Amino acid sequence: MYLRIFKKTTPLSKYLQGHGVNIIAAYQMVKQTLNDLQDCARQFQCIKEAANTFVEYTNKKFDEMENNTLEILNELPHIRVRKKKRQFTDYESIDDPITDPLRAFEINVYNQVFDTVIESISSRFEKHEQLCADFSCLDPNNFQLDLPLPTNALIKIYEKIRNFIPDITYDDLRNEYVDFTSKWRELKKTIACVYDELNNQVTDDGDDSENGLKSDDDIIVCVHSASTKYCVTCCYEVLVKYNLYANTYRGLHFAYKFMLTLSITQVESERTFSKLKFVKNYLRNTIGQNVLESMLLMNVEKDILNKIDSEDIINKLGARSPVFGRMLLC
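What counts as what
Here the residue numbering is sequential within each chain, running from 1 through the sequence in written order. Per-residue local features of the predicted model are confined to residues with pLDDT of at least 70, and side-chain atom pairs are confined, for both listing and counting, to 80 or more; whole-chain, interface and lining totals are unaffected and use all residues. Calculation of side-chain values draws on the structure's entire complement of heavy atoms; hydrogens and water are dropped beforehand. Secondary structure is summarised from DSSP: a helix means a run of H or I of at least four residues, a strand means a run of E of at least two, and numbering begins at the N terminus for each. A 1.4 Å probe rolled over the protein chains alone gives each residue an accessible area, and that area as a share of the maximum for its type sets the label: buried under 20%, exposed over 50%, partly exposed in between. Residues count as neighbours in contact if any of their non-hydrogen atoms are within 4.5 Å of one another. With residues, only the protein chains shown are counted as cover, and all accessible areas are computed by Shrake-Rupley using a 1.4 Å probe. Counted as salt bridges are all cases of a side-chain nitrogen of Lys or Arg within 4 Å of a carboxyl oxygen of Asp or Glu. Here a polar contact means two N or O atoms within 3.5 Å. Within protein one must be a hydrogen donor candidate and the other an acceptor candidate, and residues neighboring in sequence count only if both atoms are side-chain atoms.

As recorded by an unreviewed UniProt entry, the protein carries the name HAT C-terminal dimerisation domain-containing protein and is attributed to Acyrthosiphon pisum.

Here it is as structure tokens:
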């Protein structure tokens, strides 16, 4: 029983505990895991057959051993159930107690365990279904120019960002989204995607590579998985690169920023506290708050730090002060 549960939930658990979790992909995995668990929730007969096979195999191995007295029973023990005297028969239930131990195990143990697991996952993730649906609208791979935007689309994102942008309305956000998606075909020509797995530069299909901008300063490089051509980060980088977030797509820019900074699970926070024990040890007990935050950030984001060239850091520090320049650049 538990092997079946772990088989369905382990891939989801490992993905949610990893780095760079995609919100849309995570919610799709949650829904698929719930569907798989619901399919297995009432398949007790398969569990019983697997248990009988295990018992037969184990008893056969025990028989091959010398001086062995162990044996595994293939049936649950029968427990006598005492019947209660009924009073006020018009009000009490007339259901008889379950006398079959196998049936009692199925109802009281198997069904309850699966129902508890399904309810726990559903209560934690399914209440954010509308928000995840809004996030899927922001994915450039889901832009559909030939279909109208649903009436309730982006409503949850609007409820989140209006606390930070009080003067924006729901219609403004929808209009910004529709206008941005209509111009995305031209805006994406300025993106040179670099695939993590291939580690080389690719261009868009068709004539986009010929019609796109040629200058290196005008090209945005986005690093993501090779499974998708464009991602949410591409849209955010376009808005920032060309200063489209100032007035044109102010609400949409904040929606992308909210999506990219939102944490799905508490794994990153717990990992940060674990790193804190290594950074602030007994040798650095009197370290200041600003230095502690900087060192902790470098320790947590070590992958990003390793990609930064040390020469660039030296040049930037040297440009801030003539004294630093003489000391570092000599």
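Further notes follow.
Regarding its fold elements, the protein presents 15 helices and 2 strands. Every one of the 330 residues in the protein was classed for burial, and the buried ones make up 30%. Sequence separation of at least 24 residues holds for 62% of the intrachain contacts in the protein that already meet a minimum separation of 6. Total accessible area computed for the protein in this model is approximately 23500 Å², and 52% of it derives from carbon and sulfur atoms.

Applying the stated criterion across every chain yields a total of 5 salt bridges. Between Lys 156 and Glu 159 there is a salt bridge whose closest N-O contact spans 3.8 Å. Taken together, the residues Lys 156 and Glu 159, both in helix α6 (residues 155–161) and 3 residues apart, mark about one turn of the helix. The class for Lys 156 is partly exposed, based on a relative accessible area of 33%.

The residue Ser 122 is located in helix α4 (residues 101–125) in this model. Note on Ser 122: relative accessible area 15%, which makes it buried. Side-chain polar atoms of Ser 122 contact the backbone oxygen of Ile 118, separated by 2.8 Å.

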